[in-house]
Amino acid sequence: MAETPSATAQTATLKKVATGITGFDEITLGGLPQGRPTLICGFAGCGKTLFGMSFLVNGATQHGEPGVFMSFEERTQDLIENVGSLDYNLQALVDQKLLAIDHVYVDSSEIEETGEYDLEGLFVRLGYAIDSIGAKRVVLDTIEALFSSFKDAAVLRAELRRLFYWLKERGVTAVVTGERGEGLLTRFGIEEYVSDCVILLDNRVADQITTRRLRVIKYRGSSHGTNEYPFFIDEQGLTVMPITAAGLDHQALEDIVPTGIIGLDRMLDKGGYYRGSSVLVSGLAGTGKTTFAASFVQATCQRGERCLMFSFEEAESQLLRNLGSVGLKLKGYIDQDLLRVESARPSLYGLEVHLARMYREITEFQPHTVIIDPISAFHGPQSEVHATLLRLVDLLKQRNITAVFTSLSDAKTIRGELDRAISSLMDTWVSLSSVEADGEYNRLLYVLKARGMGHSNQVREYHIDQRGITLVSPYIGPHGVLTGSARLNQEARERSEAVLRKQLIEQRKREKQKNRNELERKIAEMRAALDAQEQEESLLDVDESRQLQSDDDIRQQLALARGVAE
Amino acid sequence: MEICELRLYVSGNTTRSTRAIQNLRSLCDSEMAGAYTLEVIDIYQNPGAARDAQIIAVPTLMKLKPLPTRLLIGDLSDTATLRSALGIE
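If you're wondering where the values come from, they're calculated on a predicted model, not measured in any experiment.

Some points on the interface of chain B and chain A
Interface size is often expressed as the accessible area that is lost when the parts come together.
Right, on to step 1. Each side of the interface is counted separately: chain B has 25 residues, and chain A has 23 residues.
Right, on to step 2. Of the roughly 2,100 Å² buried between chain B and chain A on both sides combined, carbon and sulfur atoms contribute 56%.
Right, on to step 3. The three residues of chain B that bury the most area against chain A are Gln54(B), Ile56(B) and Ile73(B), which together make up 33% of that side's buried surface.
Right, on to step 4. Remark: the boundary between chain B and chain A carries four salt bridges.
Right, on to step 5. Between Glu116(A) and Arg16(B) there is a salt bridge, with the nearest N and O atoms lying 3.4 Å from each other.

Printed below as a string of structure tokens:
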């Protein structure tokens, strides 16, 4: 709950009693004024009785505070059965003395008035019921029914005034319901007597869709949200959606969460989305928006984090089957309670009720990741759609929940103001498209923006098959980006050119080698010739020295011979 | 003649309650002495009875017999209505 300084200051002076109604205690900064009566007014069927009953049941089950329900319209048994359709077991609470129900039935046609009277019987019965269980909370539903039972309105008014005073004296926190009258909050103007806190419930139908709204008209001694807050009723009782104002005070995180698609991670400089950021995946029909979102679901659950998926186009089983066909097996995560899928037709409720439901689911499940598939399913006045999304984005950001929104549109063919308005809410925008060329459609992906990180400026082609989404390296040539068969053709053409080139080079290499071999052979031959020459030369040297030797010998022999002769 | 069975719900001894008892007794004693029974129930003493009998306004007079039952609220100062309710001509 948002504790503001003013709220803490007020709780010191004015004590409040929590109603336990989701969201209501937040807009009233704590609940209803303790020990004082509160008027809940609205037209028939707007949820007054249920508001009162929720106040008592929650008080009994959550705070151990017994309560008295005094019904002026429904019989005790009817009441128990009617709220039995919710998860409320009134009979058990009655048996545990946490709840006392008294049905006040007055048949005006039987009564004859014969002088002065007062409504002491009502006081005695109420006092008796309060004392029997030690009640701290009281609901009077709808006390104005007494006006049709008794003729003397002056007496009734005086008695009601006394009753509310008496309730304050008893120190019980009371909820008094009143049917809305023409030009008045209640048919008989009892708001005059219950002036501490007045809450108006409303039930409006627009385009055949009903939206319930709640407004705190008056809260003496306390500040409170002044807007109309949407609320809805389901088996868990009442849920009020407290968020209206756009808060831009959330903490920006540095954490990165992978997108679940390797190729897409690589296109983003940080390797994924920032945790707590809002991601828009837009594209035309059949571009695989849901698959992109589901890949992120798988990545989330693989990390052991919780993921909540709101599906407005497919029922849970259909969604799981279809995602299974592209290799995303999510059933196991549902069994582990890591994944929850909430399917609903967009037209089932008004926008704000959707928002309120999402709010409750998110509060309850505490997911790390939320998927809204698709936001384009919401129809309505553009300003309203935008306001709803704004609140949703703020709600998610304040809880650091990473959100992926899918949208049936194309970045190139922005349909109108709405799309532009949505884009300003988104931190990352992945645009999907399919391009027709050469008799085939090919899917292209482009990161249009990624706040706070650099990202690839390239258009990538991607395939969806039984292994999921695979990004294909782009072919970027002189004629732009080529996809599909054109890309394959181009790549094949380039491959064959490369082969040719390679063959040519090898041929040349072989020729050169041959030349080289030739030269080397020649060098070897010449070297051999040289060697032979050198050998011959050395032989000649030997001969020459031998000759000289033999000449010497001859000369000596001659000398010897001559000497002998001399 | 059938005994007239009356039950009067009062709140302690407030003026209005006392007056109702007086008005009823004086009429019954003068018009149908011995032919009626009157049970006075103080809802302060017996709040459960007030709940069981669906009492809101006080004083409330119930004519249980003879049938049909009649239900009167107030201090019974409107003698004409009281007489007609009790079947006194």
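A few points about the nonpolar core
The tendency in soluble globular proteins is for nonpolar side chains to be buried side by side.
All names here are of chain A.
Right, on to step 1. If you look at the biggest cluster of nonpolar residues, it comprises 53 residues, and the most contacted ones within it are Leu 122, Leu 126, Leu 140, Ile 143, Phe 150, Leu 163 and Leu 167.
Right, on to step 2. Ignoring sequence-local partners within four residues, the contact set of Leu 163 consists of Leu 122, Phe 123, Leu 126, Leu 140 and Ile 143.
Right, on to step 3. The next biggest cluster of nonpolar side chains, apart from the first, holds 39 residues, and it includes Cys 301, Val 341, Val 404 and Ile 469.

As for the pattern of salt bridges
Residues and elements named next belong to chain A.
Right, on to step 1. Using the criterion set out here, one finds 34 salt bridges over all chains in the structure.
Right, on to step 2. The partner of Arg 137 in a salt bridge is Glu 65, with the nearest N and O atoms 2.8 Å apart. Of the two residues, Arg 137 sits in strand 7 (residues 137-141) while Glu 65 sits in the loop between helix 3 (48-63) and strand 4 (67-71), which places them 72 residues apart along the sequence.
Right, on to step 3. Taking relative accessible area as the criterion, Arg 137 reaches 1% and is therefore assigned buried.

Focus: empty space enclosed by the protein
Residues and elements named next belong to chain A.
Right, on to step 1. This structure, assessed with the given rule, holds three cavities of 30 Å³ or more.
Right, on to step 2. Counted as a void, the largest cavity has a volume near 50 Å³.
Right, on to step 3. Taken together, Leu 351, His 354, Leu 355, Met 358, Phe 378, Val 385, Thr 388, Leu 389 and Leu 392 form the lining of the largest cavity.
Right, on to step 4. Broken down by secondary-structure element, the contributors of at least two residues to the lining of the largest cavity are helix 13 (351-365) and helix 14 (382-398).

Some details on the environment of Gln302(A)
Residues and elements named next belong to chain A.
Right, on to step 1. You can see Gln 302 is positioned in helix 10 (residues 289-302).
Right, on to step 2. Judged by relative accessible area, which is 55%, Gln 302 ranks as exposed.
Right, on to step 3. Counting along the chain gives 42 residues from Gln 302 to Gly 260, while the straight-line C-alpha distance between them is 9.6 Å.

Reading the values: rules and limits
Residues numbered from 1 in each chain as written. Chains lettered and ligands numbered in written order. Predicted model: local features only at pLDDT ≥ 70, side-chain atom pairs only at ≥ 80, totals over all residues. Heavy atoms only, no water. Contact = heavy atoms within 4.5 Å. Buried area = accessible area lost by both parts, 1.4 Å probe. Salt bridge = Lys/Arg side-chain N within 4 Å of Asp/Glu carboxyl O. Core = buried A, V, L, I, M, F, W, Y, C linked by side-chain atoms within 4.5 Å. Buried < 20%, exposed > 50% of the residue type's maximum accessible area, 1.4 Å probe, protein only. Helix = DSSP H or I, 4+ residues; strand = E, 2+ residues; numbered from the N terminus. 1 Å grid on protein atoms, 1.4 Å probe; cavity = no way out; pocket = protein on both sides within 12 Å on 5 of 7 lines; lining within 4 Å. Points joined across faces, edges and corners; volume = space filled by probe spheres on them.

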